[in-house]
Every structure is written in C-alpha cells, then in structure tokens.
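Notes for the structure review
Single-letter residue listing:
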Amino acid sequence: MSGTMRAVVVEHPGGPEALEIREVTVPTPANGEVLIRVKAFGLNRSELHFRRGAAYSGSFPRIPGIEATGEVAEAPGGEFAPGTQVMTMMGGMGREFDGGYAEYVLVPAAQVIPFRSELPWEQLGAVPEMLQTANGSLQVGLQAQPGQSVLIRGGTSSVGLAAAVLARLRGLTVIATTRREQARPLLESVGVDHIIIDDGEVAARVRELVPGGVDGAIELVGVNVMRDTLRSVRTGGTVCFTGMLSDEWTIPEFYPMEWLPNGVRLTAYSGEAADLDAQVLQDYLDAVSAGAARIPVGHVYAMDEIVQAHRDMEAGVIGGKGVVLT
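In what follows, the accompanying structure is described. (Residues numbered from 1 in each chain as written. Predicted model: local features only at pLDDT ≥ 70, side-chain atom pairs only at ≥ 80, totals over all residues. Heavy atoms only, no water.)

**With respect to the nonpolar core**
To keep it simple, the criterion reads: Take the buried residues of types Ala, Val, Leu, Ile, Met, Phe, Trp, Tyr and Cys, join any two whose side-chain atoms come within 4.5 Å, and each joined set is a nonpolar core. For each residue, the accessible area found with a 1.4 Å probe, counting protein chains only, is set against the maximum for its type, and the residue is called buried under 20%, exposed over 50%, and partly exposed in between. Secondary structure is summarised from DSSP: a helix means a run of H or I of at least four residues, a strand means a run of E of at least two, and numbering begins at the N terminus for each. Note on contacts: a residue pair qualifies if any of its non-hydrogen atoms lie within 4.5 Å across the two residues.
With 48 residues, the main nonpolar core has Val 127, Val 192, Leu 281, Tyr 284, Leu 285 and Ile 295 as its most contacted residues. Of all the elements in the fold, those that place two or more residues in this core are strand 5 (85-89), helix 3 (128-141), strand 8 (149-153), helix 4 (158-169), strand 9 (173-178) and helix 9 (278-289). Considering each element in turn, this core owes the most residues, 8 residues, to helix 4. If we skip the residues at most four places from it in the chain, Leu 281 touches Met 87, Ile 113, Pro 114, Phe 115, Val 127, Leu 131 and Leu 276. Of all hydrophobic cores here, the second largest spans 38 residues; its members include Ala 7, Val 8, Leu 43 and Ala 102.

**A few points about the sheet that holds strand 11 (residues 214-219)**
Here is the rule we go by: Two strands are counted as paired when DSSP detects at least two bridges linking them. Every axis corresponds to a line fitted to the C-alpha atoms, with the helix fit spanning only the stretch in contact, and the corresponding angles, defined between N-to-C directions, vary from 0 to 180 degrees.
The strand order across the open sheet formed by 6 strands is 10-9-8-11-12-13, and the pairing between neighbours is parallel. Each of the sheet's edge strands pairs with one partner strand only, and the pair in question is strand 10 (194-197) and strand 13 (265-268). With direction set aside, neighbouring strand axes in the sheet form an average angle of 20 degrees. The pairing of strand 9 with strand 10 spans 4 bridges and is classified as parallel. The residue of strand 10 that forms the bridge with Ile 175 is His 194. Set on the sheet, helix 3 makes contact with strand 11, strand 12 (233-241) and strand 13; between it and strand 12 the angle comes to about 145 degrees. Each of strand 8, strand 11, strand 12 and strand 13 is contacted by helix 7 (residues 223-230), which is oriented at about 160 degrees to strand 12, the strand it contacts most.

**A look at the packing of helix 1 (residues 45-52) against helix 10 (residues 306-315)**
Note the following rule: Orientation labels follow simple angle bins: below 35 degrees gives roughly parallel, above 145 gives roughly antiparallel, 65 to 115 gives roughly perpendicular, and whatever is left gives oblique. Under the convention adopted here, Pro, Cys and the residues Ala, Val, Leu, Ile, Met, Phe, Trp and Tyr are nonpolar, Asp, Glu, Lys and Arg are charged, and Gly plus all remaining residues are polar.
Across the interface, helix 1 lies against helix 10 with an axial gap of 10 Å and an inter-helix angle of 105 degrees. Of the possible angle classes, the one that applies to helix 1 and helix 10 is roughly perpendicular. Facing Arg 45, Glu 47, Leu 48, Arg 51 and Arg 52 of helix 1, the residues of helix 10 in contact are His 310, Met 313 and Glu 314. Here the contact of helix 1 with helix 10 is built from residues that sort into 2 nonpolar, 1 polar and 5 charged.

What is shown is where atoms sit, not what they do.
Have a look at this one:
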C-alpha cells in the first residue's frame, strides 16, 4: 500500500500543543509485520508521560500511542487475512517505533490479537491495553480466585473500571476507591460492591467492610498511598502495583520491615500483547455483547481533538477510557 495518512506527530517533548496532525507516508510492511488500518485508539497516561519527556524510553520525533484497534490492511507473511479485526499494544509502540495515533500502524505480527465483534469501534478502541492490564493484575499479580475480595485503589481509572468488571464476572467482591463523591454512580455502573471516598487513608474503612483485610488489592494510584493499601490486605494476601495516577513512581527510602505488614505480599504487573490471550479478549467482548459486562468508555474524540483529549486526560475529567476515532 502506498500513499499518505493522517497521523499525530510529536517533534519534541512539551504540553498538549506538542501533538500535531500531519500527512505522513503510510508504512510498508515486510514479512513478519502487519499493517493495520486503525479504526480507533485508546488514550493512556504513559502517552502523556512520553509527550512530556518523562518516559524512561523512546525517541523523538514520534507518532505516539501504545495501542490500536482496527482491521488488517496487509500481512505479507500471511499471518492474518486482510479485513481481520485485530488489536495491538505495547512492544515499543509509540516510543521505539511509531504507534497508534494514526490512520495506519505497522507492528510485528507477534503482537497482533484477532477477534470477532459487531460492537462499535468507539467501544472496541477502549479495550486492548485496559483489558490486558486489568486481566494481568487480577490473574498474574493477585492470582485472584472466585469468592475472594479485592480492593481497587484508583477505581475510576480506565484500568480500575475494567478490573472491577472482570472481577465481578469472576465472582469476586469488589471494593473500589475514588476521591470524588460525584464518581460514585460511575463505580456503581460497573458493579462495584463497596465504594470508599479516598482521603489518603482507607485501610481502616476497608477492614470495617472486610474484617481481617481483603484478599488482594490493585494499586493504581502510586507509591504515595501504597503503604496504606498494604495495610488494607490480610496476612497471606497480595498487593499488585500496577499504576501511578499520582505520577509518584518510586520510594526514596524503602525500608521493607517498616513498609510491608507481616505476611503481606507485594507484586507488580506490566504486560505486553502476548499476555492477553485471544480467548480472554473474545470472551470479554462476547460478555459485553450479551449484556453481562460493559466497556467503561469515558469520552470519544475525533483525531482533530487530540490536543483537547490530552488536556482532559491531564485534568482527569474523562471519567473512564478516552477513545479517539480516526
């Protein structure tokens, strides 16, 4: 395929205005690569960090975007038929090579996941990274089992909302936090059992709901509250550090004996496309189609609105997953 496409380009680190829409050449796939016609892409805070120049990897100029959803345009190696619905994420997208903020994206075939769905693209575009992270946090980070209880610290984030949906589907009791009382209906809409308004300390209130502490917790806020999250979990339970909405990533002086309660485990999760099984993706989409689950889309933007989309993401006002239609 030849010709040009519209894409969002970042020449150098900066504010939302650093995102520029340009006409660029459509990339040409080689064997082992797949060219995807992007129908929609999700917004992620890691793209915000990259745009600011705060990411630990990547180079400029770059088309950002760590995920994309669409249809196969070309796959010279024959891995996928043209027209196949696919999702892709991570693996260096939007940092080491050009990512999903474009009408076409070129990725290694190994990080392409096929699916079948009649859901609209604005819903499908929200799924890849959100589902991969939520599923991995529950399955790998917590090894959560039906009948257990889980605390989601940062429940109104897109990953937090997706984790609540998955946890409820898998028979877990869900406690989720938010800093805003007005976010309560959003958490109720995804089936959260108990909602805690987060003032920085929630452990005592968690233990009022679950005497002895919850079985597991997904930390999405950051290290500034993680010590309190650890104290929300029972002996033998697990905290999975997955996100840092607060942008606080590291602990200057980490003294394990002081931070870790007796017998509470601390893990982390950061996955790739290979960590999202195609059947898990298909089952989730089928559950949404059947009305048994939902995709927590916060706001849908056009590509021309990408600057405003990043402003909204920085301000934390999207209220779910932000999605851009190409």
